[in-house]
Amino acid sequence: MAEVKLVALEKKFGDISVIHRINLDIADGEFAVLVGPSGCGKTTTLRMVAGLEEVTGGSILFDGKAVERLEPKDRDIAMVFQSYALYPHMSVRDNMAFSLRMKGVSSAEKKRLVGIAAEMLGITDLLDRKPRQLSGGQRQRVAMGRALVREPKVFLFDEPLSNLDAALRAQMRIEIKRIHQRLRTTIIYVTHDQVEAMTLADKIVVMNGGHIEQVGDPLTLYRRPVSRFVAGFIGSPKMNFFPARLLADESGLHADLGEGIRIEMPQERDAAYRPYAGRSVEIGIRPEHLLDDARPIDSGAVAMDVTVDVVEPLGSTSLLTFVLGGTSYTAIGDVALMRRPGGRVRLRAAAKDIYLIDPESGRVVHPADDASTPVRLAI
Amino acid sequence: MTGRSGLQWLLLGLAVALLLAFAAFPLLWMGLTALKPSTEIFTWPPRLLPEAPTLSNIERLFAQTHFVTYFKNSVIVSSAAVILTLLLAVPGAYGLTRYRFFGRETIAATVLFTYMFAPIMIIIPFYIVMRTFGLANTHIALVLAYCAFSLPFALWMLRTFFQSIPIDLEEAAMTDGASRFRAVIHVVIPMALPGIIATAILTFILAWNDYIFARILISSDNLKTLPVGIADLYNASVIDWGMIMASGLLVIIPVIIVFSYVQKFLVAGWGSGGVKG
Ligand SMILES: Nc1ncnc2c1ncn2[C@@H]1O[C@H](COP(=O)(O)OP(=O)(O)O)[C@@H](O)[C@H]1O
Ligand SMILES: [Mg+2]
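All chains use their own residue numbering, which begins from 1 and follows the written sequence. Whichever chain is written first is A, and whichever ligand is written first is 1; the rest continue in order. The predicted nature of this model means local features are confined to residues of pLDDT at least 70 and side-chain atom pairs, given and counted, to a pLDDT of 80 or more, with totals for whole chains, interfaces and linings taken over all residues. For the side-chain quantities, the full set of heavy atoms in the structure was used; hydrogens and water were omitted.

You'll find chain B entered in an unreviewed UniProt entry as ABC transmembrane type-1 domain-containing protein, with Bradyrhizobium lablabi given as the organism. UniProt positions are given in the numbering used here, feature names are shortened, and annotations may be inferred rather than shown by experiment. The record in UniProt for chain B states the following under Subcellular location (unreviewed entry): "Cell membrane". One UniProt comment on chain B, placed under Sequence similarities (unreviewed entry), says "Belongs to the binding-protein-dependent transport system permease family."

In the nomenclature of an unreviewed UniProt entry, chain A is known as ABC transporter domain-containing protein of Bradyrhizobium lablabi.

Right, here's the structure in full:
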């Protein structure tokens, strides 16, 4: 187990810069998830930690010791590959025992450790099979088992669940979380799936274009995204972004969304939002905060009247799609209200659930003395 | 493969039989002639089966010629050529697939180009080089010649095999605590085994069947390999066909044994399943 630090870590392939001097601290025993869209540099970052990719600049520290010049075998990491990378000519048992064999562990000890890991993953009766005789889900377990036989400093996972179907993925997510709760080994886990990131992580690292956008625990990222990118990436369905003009009059600030829709800004945010008065901004509201139901909203509710375009019932709730200014947006409806396409509804949101985004910088403007949890921002 | 009519089966069978006869008949004739006494070989009309089968041709081959020496020389030279070729081609082909360096693709292409030279074009210069180093009329010269000649093809073929092995597997081995060398030994080589065996067989056959290098590079009778040794049986004033056929038979037997033993490696491979899919 180890604490992992990335310091001004940089990677170029030829002239093309792929990772731009990122800094990251991962505490001992922490479950850190690198998340971001495809091509943002997650795998490259993970491979640099593993030692499979040379670093162009900066440093990687395990417990304060620089490891970026060490061979993978000398870093004491265990990695699960997206492709599983099982050795096809070896049985499951030999696949799992391979790392122990490389360390020169005795046969009896090998047998014991493989047995424990196989037990943990429920693959004891597959030990004598070859990888080609396994289903996709079983291969995935063996790939995990191969990492779990050891007690490495860090576990590295590169999209380990992306080749599984949805049901199996949900099941394995729970197992991975359980395993981490039991072993408490530092994990760096890469995924493009924000649901996986939210459900698994102690710490989410949102990456975009070779930069770290924001680091924080799942709820902080959900409540206080620093940028439009994070706001749009975390949460499902995606946050709505309404282009608007922020206007000031005698009653305070309000956002004009066009088509006669006007959202009053709460008094306590006046100081933070005032510099944007008279400018184009974006208003962000998550679908799950934009409600079509009769439930009372405690403080400073805002409302907008829209025409329903599509209704998607989900059982307990339904997704309502509506169009404003040629763009589709989503809200959550009460199935009991039986909305029909073409009907007019009044959607409401609590003022605290509204975000103001500076469209030039893409930053979310947060009031300084907001009552939410404190946030650590990425530099 | 359903839906073929009886007639189609018949035609197919005939075609196969024809092809088989064309390929196998000379071998069969050689084998049967080897078992005929000299008096029967020239009977007219010719007869397929020996009337009084005998091993006398084989006996004479062992008693009156240096067949055993030739055979031993062939085994030594061919095996050494296989070993040397693999020792050079396996790391070479691995390097051509796994390391990026200047001119890598050019080297790979040029390697195959050298394979286009017929042996006859390089044999004289090769002889002169060997003589300069004092290696003319040695087995070392033969081994070097076979190795030089099979290396381009071996490199090319193994490169293709190494390319087909997912790099993930080696990387997995390295994160599992293996050095690159051990990753190659434990993961890459076992997976490339069908290719390595195929390369070994082709090199062996090339060396085993070679006439021209052995003819030119070797002059001492006790260093000759089988093809040259057998060819020299013609030089006697009376050509002993029975003995020549017997030697032909004994030359192909080891090849057939090797082939039938290793072909299952060539066909089976290791199958897929390591990497998803
Ligand atoms: N070996 C490589 N050579 C050149 N470019 C690469 C290489 N590997 C990755 N890249 C580039 O680096 C960027 C980040 O890739 P990657 O780390 O795989 O992204 P992610 O895992 O987040 O999808 C991509 O633009 C990709 O094209
Ligand atoms: Mg990736």
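Further notes follow.
(A) Quick look at the overall build of chain A. The secondary structure listing takes helices from DSSP runs of H or I that are at least 4 residues long and strands from runs of E that are at least 2 residues long, numbered from the N terminus. When you go through chain A residue by residue, the secondary structure sums to 9 helices and 21 strands. In terms of overall dimensions, chain A has a C-alpha envelope of 80 × 45 × 35 Å along the principal axes. In chain A, buried positions account for 55% of the 379 residues. Contact definition: two residues touch when any of their heavy atoms are within 4.5 Å. Here the contacts in chain A between residues at least 6 apart in sequence split such that 68% fall between residues at least 24 apart. The method behind every accessible area is Shrake-Rupley, applied with a 1.4 Å probe, and residues are considered shielded solely by the protein chains displayed. In the form shown here, chain A has an accessible surface area of approximately 16700 Å², with 50% of it arising from carbon and sulfur atoms. Counting 50 positive and 49 negative side-chain charges, chain A places the centres of these two groups 6 Å from one another. Residue burial is assigned from relative accessible area. The probe radius is 1.4 Å, only protein chains are included, and a residue is buried under 20% of its type maximum, exposed over 50%, and partly exposed in between. When charges are counted, Lys and Arg contribute as positive and Asp and Glu as negative, whereas His and the chain ends are disregarded. Where a charge lies is defined by one atom per residue type, namely NZ (Lys), CZ (Arg), CG (Asp) and CD (Glu).

(B) The arrangement of the interface of chain B and chain A in detail. Of the residues lining the interface, 24 residues belong to chain B; the matching set on chain A comes to 26 residues. Between chain B and chain A lies a buried interface of about 2400 Å² when both sides are counted; carbon and sulfur atoms form 59% of it. A carboxyl oxygen of Asp or Glu within 4 Å of a side-chain nitrogen of Lys or Arg is what we treat as a salt bridge. In this assembly, chain B and chain A are joined by 2 salt bridges. Between B:Glu171 and A:Arg47 there is a salt bridge; the shortest N-O distance is 2.7 Å. Throughout this description, a polar contact denotes any pair of N or O atoms lying within 3.5 Å of each other; where both atoms belong to protein, one of them has to be capable of donating a hydrogen while the other can accept it, and for residues adjacent in sequence the pair is counted only when both atoms sit in side chains. The tally of links between chain B and chain A comes to 9 residue pairs in polar contact (both at pLDDT 80 or more). When residues of the side of chain B that touches chain A are assigned to their parent elements, the largest contribution, 7 residues, is made by helix α8 (residues 167-175) of chain B. Under the grouping applied here, Gly and all other residues not named as nonpolar or charged are polar, the nonpolar ones being Ala, Val, Leu, Ile, Met, Phe, Trp, Tyr, Cys and Pro and the charged ones Asp, Glu, Lys and Arg. Residue classes in the side of chain B that touches chain A are distributed as 10 nonpolar, 9 polar and 5 charged. Buried area: the accessible surface (1.4 Å probe) lost by two parts on joining, summed over both.

(C) Region of interest: the nonpolar core. Only buried residues count toward a nonpolar core, which is a set of Ala, Val, Leu, Ile, Met, Phe, Trp, Tyr and Cys residues joined through side-chain atoms within 4.5 Å. Ranked by size, the top nonpolar core spans 79 residues in total, and within it A:Leu156, A:Ile188 and B:Phe162 carry the most contacts. Not counting the four nearest positions on each side in its chain, A:Leu156 is found in contact with A:Leu46, A:Val49, A:Ala50, A:Ile77, A:Ala78, A:Met79, A:Val80 and A:Ile188. If you look at the next biggest cluster of nonpolar residues, it comprises 46 residues, including A:Val114, A:Ala143, A:Tyr189 and A:Ala197.

(D) Structural context of the environment of B:Ala108. Residues and elements named next belong to chain B. Examined against the element boundaries, alanine 108 turns out to sit in helix α5 (residues 104-114). Taking the C-alpha atoms as reference, alanine 108 lies 7.3 Å from tryptophan 156; in sequence the two are 48 residues apart. Setting aside chain neighbours within four positions, we find alanine 108 in contact with Trp156 and Arg159.

(E) How the structure looks around the environment of A:Ala277. Residues and elements named next belong to chain A. Structurally, the position occupied by alanine 277 is in the loop between α9 (270-273) and β14 (280-285). Overall, alanine 277 belongs to the partly exposed group, its relative accessible area being 28%. C-alpha separation for the pair alanine 277 and arginine 245, spaced 32 residues apart in sequence, amounts to 7.9 Å. Among residues more than four places away in sequence, those in contact with alanine 277 are Leu246, Ala248 and Leu253.

(F) Expanded view of helix α3 (residues 107-121) of chain A. Residues and elements named next belong to chain A. Given the number of residues in a helix, its expected span is that number minus one, multiplied by 1.5 Å. The terminal C-alpha atoms of α3, which comprises 15 residues, lie 21 Å apart, in line with the 21 Å expected from a rise of 1.5 Å per residue. Looking at α3, one finds that the buried residues are Lys110, Leu113, Val114, Ala117, Ala118, Met120 and Leu121. Seen end-on, α3 carries its buried residues on one side only, within an arc spanning 160°. Structural note: α3 exposes Ala108, Lys111 and Glu119 on the side pointing more than 90 degrees away from its buried face. Looking at the buried side of α3, the elements it contacts are α2 (92-103), α4 (136-148) and α5 (166-183). Of the residues trailing α3, glycine 122 is marked for its positive phi of about 65°. The arc in question is the one spanned by the directions pointing from the helix axis to the C-beta atoms.

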